[in-house]
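# A structural walkthrough
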Amino acid sequence: MKKIGIAVFVLFVLGMSLGALAQDKVKIGIMQIIDHPALNAVRQGFIDAMKEVYGYVEGENIEYDAQSAQGDVATANTIARKFVTEKVNLIVSIATPTSQAAVNATKDIPIVFTAVTDPVSAGLVKDLERPGGNVTGISDMTPVARQIALIKFLFPEAKRIGTLYNAGEVNSVVTNELAKKSCAELGLELVEATVTSTADVAMAAQSLVGKVDAIYVSTDNTVVSALDAVGNVCLTNKIPLILADPTTIGKGALCALGFDYYLHGRQTADIVARILKGEKPGDIPVEFAKKLSLLVNQKTVDALGLSMADLEVKVQQFVEEMKKEGVEVTFGKVE
């Protein structure tokens, strides 16, 4: 009987220990507005850095519930409520619409937003230095002025620049206004085509044919999700396509100037780790993406009938000018 009693006691203690270990496992809800290369790179960079830098191994001491709203705001709201109901320890919200959904869903669970252009305009925080409440994160405010300047530098004869964006995305409205201002300062006209879903993108791109000398796409989630359609229109009609996201340069773009979104995700992990160690989100200032990358697509250079040698000389000049201004930037080519 004593042996049975001891065995039962050991099992009880073991069960309690296993239960405590299960409770110690951190659960993080990851939500993104849609699947596309840039946002997926943010997610992967975050998960990789959590493991490699901070020792959070999935299945051992951390669990991730990664959800995509597939471009639907109502679905984003549902996902946010799901995370709240399940009482996750922290929410990582990728892109503006999902971050808005998360902020609207809870004032208690820590939220770290990432890949958000303008957190203040989006209503996520009131002050970048002192976010307050349960929210902080990283902005990917893209260097619009430099991107437009790159177009003018590469194509000095250009007069009209086309752009596509979803007017329903706060981040896209902000970057579009910046693009409009930058174009005006350089004597360019910005020709706009708006979309409401990925199904509109091909037709919107086609509507710019014959009206513009180049097409610029910023970090609009809707357009980037259907970037193949834009690339096809540009290649068919020999229109240079310039992007704000180097991650997606293989979609028929000539060049891209922007942030590395994988590194953006790793930077996000730094903030999440601080919160898991006890810091309050509201006390952590909003950060900005670091280090620019300028890429040129060799296939598109050939398809447009341009000289890679001439283009590379111009791009290198542009990179050197940025470096003189203290900008961290790397230059590379993709095949």
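Residues numbered from 1 in each chain as written. Predicted model: local features only at pLDDT ≥ 70, side-chain atom pairs only at ≥ 80, totals over all residues. Heavy atoms only, no water.

### Quick word on the overall build of the protein
When you go through the protein residue by residue, the secondary structure sums to 12 helices and 13 strands. The principal-axis extent of the C-alpha atoms belonging to the protein is close to 95 × 35 × 35 Å. Across the 335 residues of the protein, 51% fall into the buried class. Here the contacts in the protein between residues at least 6 apart in sequence split such that 71% fall between residues at least 24 apart. Carbon and sulfur atoms make up 54% of the accessible area of the protein, which amounts to about 15200 Å² in all. (Helix = DSSP H or I, 4+ residues; strand = E, 2+ residues; numbered from the N terminus. Buried < 20%, exposed > 50% of the residue type's maximum accessible area, 1.4 Å probe, protein only. Contact = heavy atoms within 4.5 Å. Areas by Shrake-Rupley, 256 points an atom, 1.4 Å probe, with all protein chains shown as cover.)

### Quick word on the side chain of asparagine 171
Within the secondary structure, asparagine 171 sits in helix 6 (residues 170-185). Classification of asparagine 171 by relative accessible area gives buried; the value is 3%. Residues within four places of asparagine 171 in sequence aside, it is in contact with Thr96, Thr117, Thr219 and Asn221.

### Here's the deal with the state of the cysteines
Within this structure, the stated rule accounts for zero disulfides. Cysteine 183 takes part in no disulfide bond, and the closest cysteine sulfur to it belongs to cysteine 255, at a distance of 14 Å. A relative accessible area of 1% means that cysteine 183 is categorised as buried. Sulfur of cysteine 255: no disulfide; nearest cysteine sulfur belongs to cysteine 234 and is 12 Å away. The class of cysteine 255 is buried, set by a relative accessible area of 1%. (Disulfide = S-S within 2.5 Å.)

### Points about the side chain of serine 139
Structurally, the position occupied by serine 139 is in strand 5 (residues 135-139). Filtering out sequence-adjacent residues up to four positions away, serine 139 remains in contact with Phe113, Val116, Thr117, Pro119, His264, Val286, Glu287, Phe288 and Ala289.

### Structural notes on the nonpolar core
Inside soluble globular proteins, nonpolar side chains tend to come together where they are buried. Counting 49 residues, the largest nonpolar core has Ile28, Met31, Phe46 and Met50 as its most contacted members. By residue number, the principal contributor to this core is helix 2 (residues 37-52), which donates eight residues. The contact partners of phenylalanine 46, leaving out residues within four places of it in the chain, are Ile28, Ile30, Tyr64, Val92, Gly265, Arg266, Thr268, Ala269 and Val272. Counting residues in each nonpolar core, the second largest holds 34 residues, with Leu190, Leu311, Phe318 and Val329 among its members. (Core = buried A, V, L, I, M, F, W, Y, C linked by side-chain atoms within 4.5 Å.)

### Considering the sheet that holds strand 3 (residues 90-94)
Spatially, the six strands line up as an open sheet ordered 2-1-3-4-5-11, and their pairing is parallel. A single partner strand is all that each edge strand has here, and the edge strands are strand 2 (62-68) and strand 11 (287-288). Examined bridge by bridge, strand 4 (residues 111-116) and strand 5 share four bridges and lie parallel to one another. Among the inter-strand pairings, valine 116 is bridged to a residue of strand 5, identified as serine 139. (Pairing = 2+ DSSP bridges.)

### Describing the sheet that holds strand 8 (residues 214-217)
If you trace the seven strands from one edge of the open sheet to the other, you get 7-6-8-9-10-12-13, paired in mixed fashion. Across the chains shown, the open sheet's two edge strands, defined by having one partner strand only, are strand 7 (189-195) and strand 13 (329-334). Direction aside, the axes of adjacent strands within the sheet are offset by 20 degrees on average. Two elements, strand 8 and strand 9 (residues 241-243), share three bridges in a ladder whose sense is parallel. Within the sheet, the bridge partner assigned to valine 217 lies in strand 9 and is leucine 243. The strands that helix 5 (residues 144-154) touches are strand 6 (160-166), strand 8, strand 9, strand 10 (255-259) and strand 12 (292-297); relative to strand 10, the one it contacts most, it runs at about 160 degrees. Its contacts with the sheet put helix 6 on strand 6, strand 7 and strand 8, and the angle it makes with strand 7 is roughly 160 degrees. (Axes fitted to C-alpha atoms, helices over the stretch in contact; angles between N-to-C directions.)

### Side note on the packing of helix 5 against helix 12 (residues 308-324)
Packed helices, taken two at a time, are described by the angle between their axes plus the distance between the axes. Contact geometry for helix 5 and helix 12: axes closest at 10 Å, N-to-C directions at 140 degrees. Between helix 5 and helix 12 lies a crossing whose hand is right-handed. Across the interface between the two elements, Arg146, Ala149, Leu150, Phe153 and Leu154 from helix 5 touch Leu311, Lys314, Val315, Gln317, Phe318 and Met322 from helix 12. The class makeup of the residues in the contact of helix 5 with helix 12 is eight nonpolar, one polar and two charged. (Left-handed = near helix turned anticlockwise from the far one by under 90°. Nonpolar A, V, L, I, M, F, W, Y, C, P; charged D, E, K, R; others polar.)

### Describing unusual backbone geometry
Phi at lysine 87 takes a positive value of approximately 55 degrees, unusual for a residue other than glycine. Considering the arrangement of structural elements, one finds lysine 87 in the loop between helix 3 (73-85) and strand 3. Positive phi, normally seen in glycine, also occurs at lysine 238, with a value near 55 degrees.

No statement about biological role is implied by the geometric values presented.
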